[in-house]
Amino acid sequence: MRKEREPYACGLDAAVDVVGGKWKPMILWALYAGRTLRFGELRRHIPGVSEKMLIQQLRELESDGIVHREVYREVPPKVEYSLTDLGQSLNTALLPLGLWGDQHMEQIVAGKANGSADGGNGTHNGTGKGRGTGTDETDTANKAQNAA
């Protein structure tokens, strides 16, 4: 979340400010397709996130109007999180990025293992085509949704 109050340079600057970081996209993905999750359920969907970090990221997403927090006044207290309409539209915008990651995951992992940015093959042709999974976009979208 941007601390200073200067205007954004462009739309991408604004979007990255809202969704930037490791955990926010994972939170958005967990709340995908109208899901409503309690805090504990949400934490189980995001392996590796600490309770403190999840709370902080949820507060930022709530203040940006992306996540809705519903508090039920009962004993014990119950809190549920869901995406607002703005959050749903942001998830829709992130879907192609998730598909790209799914299609190129092997190449990305290989590149990190080899310590190189080109997937370890020594070339970069700039076409954006890499070693994909061989599935069409529909299958990849289904796999991405099932992984959430």
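Residues numbered from 1 in each chain as written. Predicted model: local features only at pLDDT ≥ 70, side-chain atom pairs only at ≥ 80, totals over all residues. Heavy atoms only, no water.

**Some points on the pattern of salt bridges**
Part 1 of the reasoning: Inspection of every chain in the model, using the stated rule, returns three salt bridges.
Part 2 of the reasoning: Lys24 is the partner of Glu60 in a salt bridge, and the nearest nitrogen-oxygen pair spans 2.7 Å. Linking Glu60 in helix 4 (residues 51-63) with Lys24 in helix 2 (residues 24-30), this pair joins segments that are 36 residues apart in sequence. In this structure, Glu60 and Lys24 share a single accessibility class: buried. (Salt bridge = Lys/Arg side-chain N within 4 Å of Asp/Glu carboxyl O. Helix = DSSP H or I, 4+ residues; strand = E, 2+ residues; numbered from the N terminus. Buried < 20%, exposed > 50% of the residue type's maximum accessible area, 1.4 Å probe, protein only.)

**Quick look at a nonpolar patch on the surface**
Part 1 of the reasoning: A cluster of nonpolar side chains, namely Leu97, Trp100 and Ile108, defines an oily patch on the protein surface of about 300 Å² accessible area.
Part 2 of the reasoning: Tracing the backbone shows Leu97 in helix 5 (residues 85-114).
Part 3 of the reasoning: With relative accessibility at 56%, the residue Leu97 sits in the exposed group. (Patch = residues over 30% accessible without salt bridge, like charges linked within 9 Å, V, L, I, M, F, W, Y side chains within 5 Å. Areas by Shrake-Rupley, 256 points an atom, 1.4 Å probe, with all protein chains shown as cover.)

**Section: the packing of aromatic side chains**
Part 1 of the reasoning: Counted by the stated rule, this structure contains one aromatic pair.
Part 2 of the reasoning: Here Trp29 and Tyr32 contribute two aromatic rings whose centre-to-centre distance is 5.2 Å and whose plane-to-plane angle is 25°, an arrangement assigned as stacked. The residues Trp29 and Tyr32 share a single accessibility class, namely buried.
Part 3 of the reasoning: In this structure, Lys78 packs its charged tip against the face of Tyr72, placed 4.9 Å from the ring centre. (Phe/Tyr/Trp six-rings, centres within 6.5 Å; stacked < 30°, edge-to-face > 60°. Lys NZ or Arg CZ within 6 Å of the ring centre and 35° of its normal.)

Function cannot be inferred from these measures alone, as they are strictly geometric.
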